[in-house]
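# Structural overview
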Amino acid sequence: MGFTKDDFGEGFAWGVSTAAYQVEGAHNADGKGPSIWDTFAKRKRKIMGGHHGDTACDFYNRYADDLALIYEMNISNYRFSISWSRILPHGIGAVNKKGIDFYNRVIDFCLELGIEPWITLYHWDLPEALQQKGGWTNREVIHWFSYFVDCCIKNFGDRVKYWMVLNEPMVFTGAGYFLGVHAPGKKGLSSFLAAAHHAALCQAEGGRMIKSLRNHSKVGTTFSYSHIEPFRSTNEKDIAAGIKVDALLNRLFIEPLMGLGYPTKELKILERIERYMHPHDEKKLQFDMDFVGLQNYTREMVAYAPLMPFVKAKIIKASQRNVTRTLMDWEVHPPCIYHALHRYNSYDKIKEIVVTENGAAFHDIQENGMVNDAERLQYLQDHIAQVLLAKREGIKVNGYFVWTLMDNFEWAEGYYPRFGLVHVDFATQKRTVKNSGKWYSEFLKNTTAMINEEGRVFYK
Ligand code: FCB
C-alpha cells in the first residue's frame, strides 16, 4: 500500500515547531527582560557544556531567511512561541513595543509567504521578575498569565488563528519545580504540586480568555505523552507501577481540563494537590479546547521500585534495555505514536488531535556539503506512517508538526542533541537542509511513499 500526503486529507496541517528560547537568541536585545531560562542557563553545571541560549539560532535577526526557508521547504504551518519577557520585560505592566514589533514582523511575513502561524503562548520561559515572586508556585501567576495572554491576543489575535496555551505543563513543572533539572531549578513535592495546580488553572483560563477576546480563534494546548508499558509484562508490581507513572506523566493535566479531575485514584500522592485548591477550582480547571496538541517521542518501560519516593516506580532507560535509541536515550519505537493517538481518541471530549511535536536527535553525518541523517529520516517516515494507520482507523488526528525546524538549544542538554530538519553551524549560523528536511519537502510536494505490512515506509 502506498501513501502520499493527500491520504491524510485536505485539511491536515503539516508543519514544523520551534520555541522562543531555543531559537531566538538576542537575550537582552531591544528591551527584552530576562526569563528563568536566561538565569538558569548561567548557573554552574546546570546545562551540558555550560551552553546557554544567548544567541541560539539568532532567529531574532534571521527570522526572514528562516521563514523563507520554511516556505522553500513547502511547509505551510509554523508553530513558534512568544517570549513573555520580550514583550513584557517585567512579566506584567509596561509593554515593550520593540518586542511586539518583532512578533508582528514574524507573523506578517509568515502570512505573506502563505505560512499559517500557530502560536504557543508559554513554552517554558517565565519572566525572571515573576520567578522572584514565586513563579508558578504563586497563585498570582493566574493573574500574571492572564495579563500576558490579553496582551498577545490584543496585539496578534487579528491575524493569528491557532493558539496553544501551554507547552507540556508536566515537563516544565516536573523538571523545573520537582527535579530541579530545568529552570527555575526548584525541587520538592510541594513546589511541584503548587506549580502543577496553577499551571492546570492557567491552561483553562488561557483558553477562556482567548475565546472571549477572539471568538473565532482555534484554541488548543499541548501535552507530553509517552506510551507506558510494564518492564516485565506479566509482573503485577510492574503493571501497577506503570499505571501510577501513566497517571503522573500522561493524565495529570489533560484530565482536569476535561472535567475528570486529577487522577488521584491511581496515584494517591496527588491528593496533596488539594492543599492548593480553592473553592470552585474544579470548575475553573475545565475548558473545552478546539484541539489538543499531542507531543510524543518514545515509549517508557516502567518497573516497580520500592525505594523510589512517592511513586515507587522507575523508568528503565533505553540504554539499559539494548534497544535502538536516540541521543536523548529515548527508545525508537514508532507504534508509540499510534498508541498515543488511540489513547487520546478515547477521551470523548477531545474534538481534534494535532501532533504538535515528534522528532529525534541523532548524530548527523556531514559530507560534501550535505547532511546525511538517515536515522532521523527513517524515524520521521515510520512515525508518520503510524499516524496514517491511526487516521485510517478513524482517529481524529488532523495535523503533524516535526520537532524541529533547525538544530537548536535543547534545554539542559545544550546544543548537543540535534533535532533539526535543518543543520545549524552555531559558529557561523549557516543553515543546511538535511536529507530528512529534503525528504519532508518532497513528501509535502506529494511524492508517493510505500508502506509494508509492518507499517514501515519505503520508496520504490
Ligand atoms: C519537548 C519540548 C521541546 C523540545 C523537545 C525535544 O519536550 O517541548 O521544546 O525540547 O521536547
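Report follows, based on the coordinates. (Residues numbered from 1 in each chain as written. Predicted model: local features only at pLDDT ≥ 70, side-chain atom pairs only at ≥ 80, totals over all residues. Heavy atoms only, no water.)

### Observations regarding the sheet that holds strand E10 (residues 313-316)
- Taking strand neighbours across the sheet as the criterion, the three strands line up as E7-E9-E10 in an open arrangement whose pairing is mixed. Both edges of this open sheet fall to strand E7 (227-230) and E10, since each of them pairs with a single strand only. Sheet twist, expressed as the average angle between the axes of neighbouring strands with direction ignored, equals 40°.
- Here strand E9 (residues 299-304) runs beside E10; their pairing, made up of four bridges, is antiparallel. Across the sheet, the residue bridging to Tyr304 is Ala313, located in E10.
- Strands E7, E9 and E10 of the sheet are contacted by helix H10 (residues 236-251), whose axis makes an angle of about 130° with E9. (Pairing = 2+ DSSP bridges. Helix = DSSP H or I, 4+ residues; strand = E, 2+ residues; numbered from the N terminus. Axes fitted to C-alpha atoms, helices over the stretch in contact; angles between N-to-C directions. Contact = heavy atoms within 4.5 Å.)

### So, the sheet that holds strand E4 (residues 116-122)
- Pairing is parallel around the closed barrel formed by eight strands, whose spatial order is E2-E3-E4-E5-E6-E8-E11-E14. Strand-to-strand twist of the sheet, defined as the mean angle between neighbouring strand axes without regard to direction, takes the value 25°.
- Relative to strand E11 (residues 353-357), strand E8 (residues 291-295) is paired through four bridges, and the arrangement is parallel. Note on E11: the bridge partner recorded for Leu294 is Val355.
- Sitting on the sheet, helix H8 (residues 169-178) touches E4, strand E5 (162-166) and strand E6 (218-224), and the angle it makes with E6 is about 45°.
- Along the sheet, helix H9 (residues 189-213) makes contact with E4, E5 and E6, crossing E5 at roughly 155°.

### Focus on empty space enclosed by the protein
- All chains considered together, the criterion is met by four cavities of 30 Å³ or more.
- Each pocket or cavity is described by its volume, and for the largest cavity that value is around 60 Å³.
- Together, Ala20, Tyr21, Glu24, Gly25, His27, Lys32, Ser35, Asp38, Gly53, Ser83, Arg86 and Asp125 line the largest cavity.
- Considering only residue class, the lining of the largest cavity consists of two nonpolar, five polar and five charged.
- Quantified by volume, the second largest cavity comes out at close to 50 Å³.
- In this structure, the second largest cavity is lined by Met170, Phe223, Ser224, Leu249, Asn250, Arg251, Leu252, Phe253, Ile254 and Tyr344.
- Only E6 and H10 provide two or more residues apiece to the lining of the second largest cavity.
- It is H10 that contributes the most residues to the lining of the second largest cavity, three residues altogether.
- Grouping the constituent residues of the lining of the second largest cavity by class yields seven nonpolar, two polar and one charged. (1 Å grid on protein atoms, 1.4 Å probe; cavity = no way out; pocket = protein on both sides within 12 Å on 5 of 7 lines; lining within 4 Å. Points joined across faces, edges and corners; volume = space filled by probe spheres on them. Nonpolar A, V, L, I, M, F, W, Y, C, P; charged D, E, K, R; others polar.)

### What about the layout of surface pockets?
- Its volume calculated, the largest pocket comes out at about 1,400 Å³.
- Only H8, H9, H10 and E10 provide two or more residues apiece to the lining of the largest pocket.
- Counting residues per element, the lining of the largest pocket draws most heavily on H8, at five residues.
- Class assignment for the residues of the lining of the largest pocket results in 30 nonpolar, 11 polar and seven charged.

### Thoughts on the site of the ligand
- Contacts to the ligand come from Gln22, His123, Trp124, Asn167, Glu168, Gln295, Tyr297, Glu357, Trp403, Glu410, Trp411 and Phe419.
- At 2.9 Å from an oxygen atom of the ligand is found a side-chain nitrogen or oxygen belonging to His123.
- Interatomic distance of 2.9 Å between a side-chain N/O atom of Asn167 and an oxygen atom of the ligand.
- Protein chains bury 95% of the 290 Å² of accessible surface belonging to the ligand in isolation.
- Taking a 2 Å distance to the grid points as the criterion, the majority of the atoms of the ligand fall inside the largest pocket. (Near = heavy atom within 4 Å. Polar contact = N/O pair within 3.5 Å; in protein donor to acceptor, adjacent residues only side chain to side chain. Areas by Shrake-Rupley, 256 points an atom, 1.4 Å probe, with all protein chains shown as cover. Sits in = over half its atoms within 2 Å of the grid points.)

### Describing the pairing of strand E16 (residues 430-433)
- Pairing geometry for strand E15 (residues 422-425) and E16, over four bridges, is antiparallel. Following the sheet pairing, Val422 is matched in E16 by Val433.
- What sits between the antiparallel neighbours E15 and E16 is a turn of four residues, in which Gln429 has the positive phi angle 65°.

### Structural notes on the side chain of Glu128
- As for its position among the elements, Glu128 is in helix H6 (residues 128-131).
- Buried and unpaired, Glu128 has Lys186 as its nearest opposite-charge partner, separated by 7.9 Å.
- One polar contact links Glu128 to Thr39, side chain to side chain, over a distance of 2.8 Å.
- The residues touching Glu128, leaving out its near neighbours within four places in the chain, are Pro34, Ser35, Ile36 and Thr39. (Buried < 20%, exposed > 50% of the residue type's maximum accessible area, 1.4 Å probe, protein only. Lys, Arg positive; Asp, Glu negative; His and termini not counted. Salt bridge = Lys/Arg side-chain N within 4 Å of Asp/Glu carboxyl O.)

### Details of the packing of aromatic side chains
- As enumerated under the stated definition, the model contains 44 aromatic pairs in all.
- Considering the side-chain rings of Trp84 and Tyr122, the 6.1 Å spacing of their centres and the 85° angle between planes classify their relative orientation as edge-to-face. Pair noted here: Trp84 is in helix H4 (residues 84-87) and Tyr122 is in strand E4, with a separation of 38 residues, a long-range link.
- According to the relative accessible area criterion, Trp84 is buried, its value standing at 0%.
- With 6.3 Å between their ring centres and 35° between their planes, Trp439 and Tyr440 make a pair best called tilted. (Phe/Tyr/Trp six-rings, centres within 6.5 Å; stacked < 30°, edge-to-face > 60°.)

### Some remarks on the nonpolar core
- Residues Trp37, Tyr122, Trp136, Phe145, Tyr344, Tyr400 and Tyr440 are the most contacted members of the largest nonpolar core, which totals 144 residues.
- When residues in this core are grouped by element, the largest group, 13 residues, is from H9.
- Ignoring sequence-local partners within four residues, the contact set of Tyr400 consists of Phe12, Ala13, Trp14, Gly15, Val355, Asn358, Leu380, Ile384, Val387 and Tyr440.
- The next biggest cluster of nonpolar side chains, apart from the first, holds seven residues, and it includes Ala13, Trp118, Met164 and Val354. (Core = buried A, V, L, I, M, F, W, Y, C linked by side-chain atoms within 4.5 Å.)

### A word on the side chain of Ser436
- Take Ser436: it is sitting in helix H15 (residues 435-444).
- Classification of Ser436 as buried rests on a relative accessible area of 0%.
- Within the structure, the side chain of Ser436 is placed 2.5 Å from the side chain of Asp373, a separation counted as a polar contact.
- Excluding residues within four positions of it along the chain, Ser436 makes contact with Asp373, Arg376, Leu377, Leu380, Gly420 and Leu421.

Note that every value here comes from positions in space, so none of it alone points to a role or purpose.
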